[in-house]
Amino acid sequence: MNKSEKKVLITASLFHACNDASVVALPSVFPLLYTEGVLIKKYADIGTILVLGLIVSVIFQFIIGHKVKAKHYRCCLALEALLIGVFLNLMTLSKSFLMLIIFFIGVRIGSSIYHPVGISWISKTFEGSRIDKAMGIQSAFGDIGVLAAFVTTGYLADRFGWKAPLILWGSMNLMAIVAGLVTSRGVEIIPEKEEKHENVSWKETFSDLKPLIPPIILGGIAWGVTLGYAPSLLNHKLKLSMSNTGVILGGWMAMGAIASVTYGKIAELLGRTKTIITAFVLITISAFSIGLVSRTSIIIVSFLIYGISLFITYPALLSFAGSTTRARNRTATFSTVSNLQILGNSSTAYISGFLSDAYGINAPFILLGSASALVVLYIAGAMKMSKQWRSNNK
């Protein structure tokens, strides 16, 4: 790995950590807002704010995937951190549910930049088997950001109220602007002339991604269910404090970070396809356990297994997509991957709010387990019929 490649990986990883931590910060305080009747009155409100923010993300990621070129990557990531930092701080001034939604939409506009831009930057910088290691590292930093957000949010919310974590992570993003621009100074970029004659083909992009669509969407469903409803399940169903809730979800993310870092080695041993289907089998088992079991110790163990299995699928699917898509469509590819995950995330997060009001806060995890079981069956069939799945089973 040369100096320029190291700069790209460090910069992308830094922005990924701050991006993912910030997106988690508000949903992590939902239980407190709900319990105290501050801004959020029912579980359906959680679904509403999440789905509106995610719709905005889909729109902006589509635009970014079509318009942004390699020479813009560095500045786009700095803009991402600026928007997130400003709007997280503004959210603390919310006096109504409508204001909370508006400022959250601002955060989602900023957070919509990283995945098509940062991951495309990684994909264009690293090739061959090196992409597995690089994807694993940048993915792990996103996991570490979420881990830090869960742990700090629970503690700060218990001690200082719901606004404190938002101020912390808003400030972290503003500081990341300087750190990221300094770190990436002098990075080599693809000359403009190389990109001028290669227009994005959305038809090719969707054709290349078609075999991966079900597991990609499932990844979004899992993220939406966990981010939106795991804090409330632990806090309301198990009667755990916000601090303990943060510790458990931090453990979930810690397992995810370990899985992401070790993904490259696991992929070498099992191949991408076997790694992915094994992970989804474990997601199915752990999700049903979280949704159906009432014993705290079993639920905690299930969250740890769930963390390992879910977060190994993200770099695996990104590496899969990056290795099979055409070079000129890379930014569009990762924009589409992110939007497919958002589709699963937003639809399930919205429905889960009503399911939770009607059937209990465990209902979203039963839904997740059922969806994951269907994806396992799909991959098992695709391994026999799809050339892409077979070629990655090495």
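Numbering of residues starts from 1 in each chain and follows the order in which that chain's sequence is written. Only residues with pLDDT of 70 or above have their local features reported here, since the model is predicted, and side-chain atom pairs are shown and tallied only from 80 upward, although totals for entire chains, interfaces and linings are computed over all residues. Excluded from the side-chain calculation are hydrogens and water; included are all heavy atoms of the structure.

A few words on the overall build of the protein. Each helix and strand counted, the protein has 17 helices and 0 strands in total. Here the globule rule reads 2.2 Å times residues to the power 0.38, and the radius of gyration is calculated from C-alpha atoms. For 394 residues, the compact-globule formula gives about 21 Å, and the C-alpha radius of gyration of the protein, at 20 Å, lands near that figure. In terms of principal-axis extent, the alpha carbons of the protein reach across some 55 × 45 × 35 Å. Think of it in three bands: with a 1.4 Å probe and only protein chains considered, a residue is buried below 20% of the maximum accessible area for its type, exposed above 50%, and partly exposed in between. For the protein, with 394 residues in total, the buried portion stands at 59%. In this description, accessible areas are obtained by the Shrake-Rupley approach with a 1.4 Å probe, and a residue is regarded as covered only by the protein chains that are shown. Here the protein displays about 15,500 Å² of accessible surface, and carbon together with sulfur accounts for 68% of that area. A positive count includes Lys and Arg, and a negative count includes Asp and Glu. His and the chain ends are not counted in either. Charge placement uses NZ in Lys and CZ in Arg. For Asp and Glu, CG and CD serve respectively. Put simply, the protein has 34 plus and 18 minus side-chain charges, and the middle of one group is 2 Å from the middle of the other. Runs of H or I in DSSP of at least four residues are treated as helices and runs of E of at least two as strands, each being numbered from the N terminus.

Let's shift gears to the side chain of Glu80. Positionally, Glu80 belongs in helix α4 (residues 73-91). Any carboxyl oxygen of Asp or Glu within 4 Å of a side-chain nitrogen of Lys or Arg constitutes a salt bridge here. One buried charged residue, Glu80, remains without a salt bridge, the closest side chain of opposite sign being Arg108 at 11 Å. Any pair of residues with heavy atoms lying within 4.5 Å of one another is described as a contacting pair. Each residue touching Glu80, except ones within four places of it in the same chain, is listed here: Phe15, Asn19, Gly110, Ile113 and Tyr114.

Turning our attention to helix α5 (residues 97-111). Each residue after the first adds 1.5 Å to the expected span of a helix. With 15 residues, α5 should reach 21 Å at 1.5 Å per residue; the first-to-last C-alpha distance of 21 Å fits that figure. Along α5, the positions that sit buried rather than exposed are Leu100, Ile101, Phe103, Phe104, Gly106, Val107, Arg108, Gly110 and Ser111. Those residues of α5 that are buried are in contact with α1 (3-28), α3 (43-67), α4 and α6 (114-125).

To continue, consider the environment of Glu5. Within the element layout of this structure, Glu5 appears in helix α1. The exposure class assigned to Glu5 is buried, which follows from its relative accessible area of 12%. Note: C-alpha distance between Glu5 and Thr125 (120 residues apart in sequence) is 6.6 Å. Apart from the residues lying within four places of it in its own chain, the contact partners of Glu5 are Thr125, Phe126 and Arg130.

Our focus in this paragraph is the nonpolar core. Leu26, Met91, Leu234, Trp252, Phe303, Tyr306 and Phe365 are the most contacted members of the largest nonpolar core, which totals 107 residues. Apart from residues lying up to four places away in sequence, Leu26 is in contact with Leu33, Ile49, Met91, Leu100, Phe104 and Leu166. Among the buried residues, those of types Ala, Val, Leu, Ile, Met, Phe, Trp, Tyr and Cys that are joined through side-chain atoms within 4.5 Å form a nonpolar core.

Working definition: rings of Phe, Tyr and Trp (its six-membered ring) pair if their centres are within 6.5 Å, and the pair is stacked with planes under 30 degrees apart, edge-to-face with planes over 60 apart, and tilted otherwise. Within this structure, the stated rule accounts for 11 aromatic pairs. Where Trp252 meets Phe311, the ring centres are 5.0 Å apart and the plane angle is 70 degrees; that geometry is what we call edge-to-face. Taken together, the residues span a long stretch of sequence, with Trp252 in helix α12 (residues 242-270) and Phe311 in helix α14 (residues 296-324) at a distance of 59 residues. The pair formed by Trp252 and Phe311 is uniform in burial state, with each residue classed as buried.

Glancing now at the environment of Asn362. Mapping Asn362 onto the fold places it in the loop between α15 (330-359) and α16 (363-385). Ignoring anything within four residues of it in the chain, the contact list for Asn362 reads Leu233, Lys237 and Gly291. Among the polar contacts listed, one links the side chain of Asn362 to the backbone oxygen of Gly291, at a separation of 2.8 Å. Throughout this description, a polar contact denotes any pair of N or O atoms lying within 3.5 Å of each other; where both atoms belong to protein, one of them has to be capable of donating a hydrogen while the other can accept it, and for residues adjacent in sequence the pair is counted only when both atoms sit in side chains.

Inspection of the secondary structure puts Asn235 in helix α11 (residues 213-237). Using a relative accessible area of 15% as the deciding quantity, one classes Asn235 as buried. When near neighbours in sequence (up to four residues on either side) are disregarded, Asn235 contacts Pro31, Thr35, Leu240, Ser241, Met242 and Thr245.

For the rest of this paragraph, the subject is the pattern of salt bridges. Scanning the entire structure with this criterion turns up 1 salt bridge. One salt bridge connects Asp45 with Lys42, and the closest N-O pair in it is separated by 3.5 Å. Looking at Asp45, the relative accessible area reads 10%, which means it is buried. On the accessibility criterion, Lys42 (41% relative accessible area) is partly exposed.

Before going further, it helps to examine the packing of helix α13 (residues 272-292) against α14. A fitted line through C-alpha atoms serves as each axis, taken over the contacting stretch for helices, and the angle formed by two N-to-C directions is quoted from 0 to 180°. At a minimum axis separation of 8 Å, α13 and α14 run at an interaxial angle of 150 degrees. Accordingly, the angle class assigned to the pair α13 and α14 is roughly antiparallel. Read as a crossing pair, α13 and α14 show a hand that is left-handed. The residue classification treats Ala, Val, Leu, Ile, Met, Phe, Trp, Tyr, Cys and Pro as nonpolar and Asp, Glu, Lys and Arg as charged. All others, Gly included, are polar. When grouped by side-chain class, the residues that make up the contact of α13 with α14 number 16 nonpolar, 9 polar and 1 charged. Roughly parallel here means an angle under 35 degrees, roughly antiparallel means over 145, roughly perpendicular means 65 to 115, and every remaining angle is called oblique. Crossing chirality is assigned from the near helix's rotation relative to the far helix, an anticlockwise turn below a right angle marking it left-handed and a clockwise turn marking it right-handed.

Below, the discussion takes up a nonpolar patch on the surface. On the surface, Leu52, Ile55, Ile59, Phe60, Phe62 and Ile63 cluster together into a nonpolar patch covering about 510 Å² of accessible area. Residue classification places Ile63 among the partly exposed residues on the basis of a relative accessible area of 42%. Patches draw on residues past 30% relative accessible area with no salt bridge. Two like charges within 9 Å are joined, as are two nonpolar side chains (Val, Leu, Ile, Met, Phe, Trp, Tyr) within 5 Å.

With the exception of glycine, most residues fall at negative phi, and the peptide bonds are largely trans. Despite not being glycine, Lys239 shows a phi value in the positive range, around 60 degrees. By the element assignment, Lys239 lies in the loop between α11 and α12. With a relative accessible area of 68%, Lys239 lands in the exposed category.

Between helix α7 (residues 130-160) and α12, the shortest axis-to-axis distance is 8 Å and the interhelical angle comes to 170 degrees. As summarised for this structure, α7 and α12 are arranged roughly antiparallel, according to the angle between their axes.

As a further point, take the confidence of the model for the protein. The predictor attaches a confidence to each residue, called pLDDT, with possible values from 0 through 100. On average, residues of the protein score 85 in pLDDT, and 93% of them are at 70 or above. Counting interchain partners and residues more than four positions distant, the pLDDT-below-50 stretch residues 192-197 has 5 contacts.

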